[in-house]
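# Chain and residue survey
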Amino acid sequence: MLVDEPNPRPTVLFAAGEAFPFAKTGGLGDVVGALPKALAERGARPVVFLPAYREIRRCGLPIVDVGVEFTVPIGGKQVAGGLLRGKLPDSNIDVYFVRQDDYYDRPGIYGEKNVAYADNCERYVFLCRAVMESIRLLGLEIDVLHAHDWHAGLLPALHKIEYRDRPSYERITNVFTVHNLQYQGEFWHWDMLLTGLDWRYFNWRQMEAFGKLNLLKTGLAFADAISTVSHTYALEIQTPDFGYGLDGMLRYRSDVLGGIVNGIDDTIWNPTTDVLLPKNYSSATVAEGKAASKEAVQKQTGLVRDAAAPLAAFIGRLVEQKGVDLILEVLDEWIVDSDMQWAFLAGDGEPALLQKVERAAAAHPDRVAVVKGYSEPMAHLLTAGADILLMPSRFEPCGLNQLYALKYGTVPVVHAVGGLADTVVNTSAATLADGTATGFTFGDGGAHRLGESLALACELYRGRPEVWAALRRNGMEQDWSWSRSADEYLELYRQAFYLAHRQATVDA
Ligand code: ADP
């Protein structure tokens, strides 16, 4: 069936490597766990596809076997799989888990002990082929195929090359979202055989980059529309400094590329209702509320119990991108003369960085704390208990922690890049006067610039409590919920429909 107009209530298939609460390593998981719910509230009909990792059962939500089995070609063999089904919490949204135990029933999601699984190409080629087959097998009438990051990068190609003209697939347009351009799914060229696609697509405008198969580039090449997770990042990635070798490709596709800032799930991240805090609070009760969380953080981490000392937090993956080394430089300089406290919640990451953070914590246990591993409760407690959130990221596609911080009255100090530049308003006489100041942003210049911004923040924290209170209030009163972004995604789907039709006309 050919259609002339986009469906105002589209059925949207999300395909991704992770979604909260089933499996999450970073912001991608938050987005795929939350955006479908916001779209459903607007009348769209989302459905989510994920691999059936061992991890998915850990959250304790019901998951049933759908009784659908299939085989798909992977390289020269036929690989069998099946489908399980659950629901996104507090919603009626189906989540299908692609089951293939050899690929997914493992201790890790993408790898173990910081080493990616050697067969990741095969694992995610299988995911994409399984998703395409499931559309037909489940009788889903999909309007929009929304693929996320390199794990789902093959989907737009499969759609365009193999499936577009088949009966269950004719109405589909596909959208590809880049959550982080650094992770591209690059594999040696012989893995092209796993995709089952013709070698003629292995060229520099489509699936090849620098001699390798590149699944992120594949998504970019075959998408009807491309989005990334902030306006500034959408522009940055078209430059060599931020493009990770794909800036040429992104410039080439700039007519279909835009940015939509992520939202936050305020059923999960909301200080008035957050069950992981010792005391809930609103902007009217922020001082007492945050004091209770700060005390809990100090108690749980061994930091000295001091309500007045400014507590700065870092939450995130310990990777070069996040600029943890810059924080450590400032920390080293300040640790002698200032009463500042530092808390790191460090998930996945580089062992060398973790070692440095641990060394700082071991040398100054009353002033520097590190909580290792992935801890949702600690992420909430620290976001509430800290006075300042540090995000000196070298690049940041969107960043979610600064949005959580704003909502929790924690003042962000951030490098003015990507989504950080789009969401934090620097404090100046002008922005204080017009009530827009929410934090501190600094430009290029490394630890020195971070130190300057942090010094200014501490000065206001200590000496100008009324200004500090205004910063907190301004941040807490902003709306970063998904409602705003969901409207923008619906508009993107509409545009993708017209772009696809334009493309189909050109192809014809
Ligand atoms: P990225 O996607 O680059 O990792 P984002 O800021 O977009 O960064 O999202 C990070 C998400 O992961 C946030 O929800 C943050 O709270 C969460 N997170 C990161 N590290 C940890 C950790 N160690 N424990 C719990 N949550 C974490």
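Conventions adopted
Residues numbered from 1 in each chain as written. Predicted model: local features only at pLDDT ≥ 70, side-chain atom pairs only at ≥ 80, totals over all residues. Heavy atoms only, no water. Helix = DSSP H or I, 4+ residues; strand = E, 2+ residues; numbered from the N terminus. Buried < 20%, exposed > 50% of the residue type's maximum accessible area, 1.4 Å probe, protein only. Lys, Arg positive; Asp, Glu negative; His and termini not counted. Salt bridge = Lys/Arg side-chain N within 4 Å of Asp/Glu carboxyl O. Polar contact = N/O pair within 3.5 Å; in protein donor to acceptor, adjacent residues only side chain to side chain. Contact = heavy atoms within 4.5 Å. Near = heavy atom within 4 Å. Areas by Shrake-Rupley, 256 points an atom, 1.4 Å probe, with all protein chains shown as cover. Nonpolar A, V, L, I, M, F, W, Y, C, P; charged D, E, K, R; others polar. Domains from an automatic or database assignment. Pairing = 2+ DSSP bridges. Axes fitted to C-alpha atoms, helices over the stretch in contact; angles between N-to-C directions. Buried area = accessible area lost by both parts, 1.4 Å probe.

### Focus on the side chain of R317
By the element assignment, R317 lies in strand β15 (residues 311–318). Buried charge without a salt bridge: R317, with E396 as the nearest opposite-charge side chain at an N-O distance of 6.1 Å. Separated by 3.2 Å, the side chains of R317 and Q321 make a polar contact. When residues no more than four places from it in sequence are discounted, the contact partners of R317 are T25, N180, Y183, K322 and D348.

### A look at the site of the ligand
Around the ligand there are 18 residues in total, and G27, D30, R317, K322 and G373 lie nearest to it. G347 places a main-chain nitrogen or oxygen 3.1 Å from a nitrogen atom of the ligand. Note that a nitrogen atom of the ligand is positioned 2.9 Å from one of the backbone N or O atoms of S375. Burial of the ligand by the surrounding chains reaches 94%, relative to a free accessible area of 560 Å². Secondary-structure elements contributing two or more residues to the shell around the ligand are α1 (27–41), β15, β16 (341–349) and α13 (401–407). By residue number, the principal contributor to the shell around the ligand is β16, which donates three residues. Residue composition of the shell around the ligand, grouped by class: six nonpolar, eight polar and four charged. Two domains share the shell around the ligand, each providing at least three of its residues, namely domain 1 (11–263 + 483–507) and domain 2 (286–480).

### Concerning the sheet that holds strand β4 (residues 77–87)
The sheet built from nine strands is open, its strands ordered β3-β4-β5-β2-β1-β8-β9-β13-β14 with mixed pairing. This sheet does not close on itself; its edge strands, each paired only once, are β3 (64–74) and β14 (257–259). Ignoring strand direction, the axes of neighbouring strands in this sheet form an average angle of 25 degrees. Alignment of strand β1 (residues 11–15) against strand β2 (residues 45–51), held across five bridges, turns out to be parallel.

### Some thoughts on the domain arrangement of the protein
Accessible area lost upon the coming together of the parts is a frequently used measure of interface size. You can read the domains of the protein as domain 1 (11–263 + 483–507) and domain 2 (286–480). Relative placement of domain 1 and domain 2: their C-alpha centres are 33 Å apart. Between domain 1 and domain 2 the total buried area reaches about 1,700 Å² when both faces are included, carbon and sulfur atoms providing 54% of it. Counting across the interface, domain 1 meets domain 2 through zero salt bridges. Seen at the junction of domain 1 and domain 2, the total is 10 residue pairs in polar contact (both at pLDDT 80 or more). Where the side of domain 1 that touches domain 2 is concerned, the elements lending two or more residues are α1 and α7 (231–236). Looking at which element gives the most residues to the side of domain 1 that touches domain 2, the answer is α7, with four residues. Taken together, the residues that form the side of domain 1 that touches domain 2 break down as seven nonpolar, 11 polar and four charged.

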